[in-house]
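Fold and geometry: a report
Spelled out, the chains give:
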Amino acid sequence: LVPPEGEPVKNFEIVNKELEQYGHGLSDKPQLIAANKLDLPGAEEALERLRAYAAEKGLEVYAISAVTGKGVPELLYGVADMLQKREDLKDFRELR
């Protein structure tokens with residue numbers, strides 16, 4: 001999320017470009033953003049830039065720290081919510 005890891009917006013765009021190049025419809029799938037390393041200095045400023053970018057794209061950002069576990073439950077609930085809304089997974093949900 002923060003230097004020396006690079007600029008989060010640029011990193012996000014690189015990952016999406018790679019998904020597009022790989023093909024198989026991956027770049028067309030719904031997305032959310034898990035912004036990691038919030039425990040590092042400078043993370044809040046990088047997170048604000050990422051949030052502004054994500055808002056323009058209509059994406060949700062979940063701020064997490066894998067080290068402390070902060071924000072991880074919210075991320076998991078966000079993923080579960082996204083999956084619940086997927087019509088193409090309706091049959092799968094009914095198997096539970």
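Per chain, residue numbering runs from 1 following the sequence as it is written. Restriction of local features to residues with pLDDT of at least 70 applies here, the model being predicted, together with a cutoff of 80 or more for giving and counting side-chain atom pairs; totals for whole chains, interfaces and linings are based on all residues. For the side-chain quantities, the full set of heavy atoms in the structure was used; hydrogens and water were omitted.

**Quick word on the pattern of salt bridges**
Note the cut-off: What makes a salt bridge here is a side-chain nitrogen of Lys or Arg within 4 Å of a carboxyl oxygen of Asp or Glu, nothing more. The helix and strand labels rest on DSSP assignments: H or I over at least four residues marks a helix, E over at least two residues marks a strand, and numbering proceeds from the N terminus. Accessibility here uses a 1.4 Å probe with only protein chains present; expressed as a share of the type maximum, an area under 20% marks a residue as buried, one over 50% as exposed, and anything in between as partly exposed.
This model, assessed by the stated rule, comprises 2 salt bridges. Here Glu7 and Arg49 are joined by a salt bridge, their closest N and O atoms 3.0 Å apart. Taken together, the residues Glu7 in the segment before helix 1 (8-22) and Arg49 in helix 2 (residues 43-57) connect sequence positions 42 residues apart. Note that Lys85 is salt-bridged to Asp81, the shortest N-O span being 3.1 Å. Note that Lys85 and Asp81 are positioned in helix 3 (residues 72-85) at a spacing of 4 residues, about one turn of the helix. The class for Lys85 is exposed, based on a relative accessible area of 58%.

**Let's talk about helix 2**
Every α-helical turn comprises 3.6 residues, leaving residues that sit three or four positions apart pointing alike. So the rule is basically this: Every helix has an expected span of 1.5 Å times one less than the residues it contains. The reported arc concerns the directions from the helix axis to the C-beta atoms and nothing else. We call two residues contacting when some pair of their heavy atoms lies within 4.5 Å.
Between its first and last C-alpha atoms helix 2 spans 21 Å; for 15 residues at 1.5 Å apiece the expected length is 21 Å, and the two agree. Three or more residues of helix 2 are buried, namely Ala43, Ala46, Leu47, Leu50, Tyr53 and Ala54. Take helix 2 and look down its axis: the buried residues cluster within an arc of 130°, on one side only. Pointing more than 90 degrees away from the buried face of helix 2 are the exposed residues Ala55 and Glu56. Those residues of helix 2 that are buried lie in contact with helix 1, strand 1 (33-35) and strand 2 (61-63). Gly58 occupies a position one or two residues after helix 2 and carries a positive phi of about 75°.

**Some details on the confidence of the model for the chain**
The criterion, for reference: For every residue, the pLDDT score states the predictor's confidence, bounded by 0 at the bottom and 100 at the top.
Residues with a pLDDT of 70 or more make up 89% of the chain, whose mean pLDDT is 87. Taking the mean pLDDT of every element in the chain, the minimum, 64, falls on helix 4 (residues 90-94) and the maximum, 96, on strand 2.

**Quick notes on unusual backbone geometry**
Positive phi is not limited to glycine here, since His24 has a value of about 60°. Assignment of secondary structure puts His24 in the loop between helix 1 and strand 1. The phi dihedral of Lys37 falls on the positive side, at around 70°, and the residue is not glycine. Within the secondary structure, Lys37 is located in the loop between strand 1 and helix 2.

**Focus on helix 1**
Spanning 15 residues, helix 1 covers 21 Å between terminal C-alpha atoms, matching the ideal 21 Å at 1.5 Å per step. All buried positions along helix 1 are accounted for by Pro8, Val9, Phe12 and Asn16. The buried residues of helix 1 occupy an angular sector of 100° when projected down its axis, which confines them to one face. Every exposed residue of helix 1 that faces more than 90 degrees away from the buried side is listed here: Lys10, Gln21 and Tyr22. Following helix 1 by one or two positions, Gly23 adopts a phi angle in the positive range, close to 85°.

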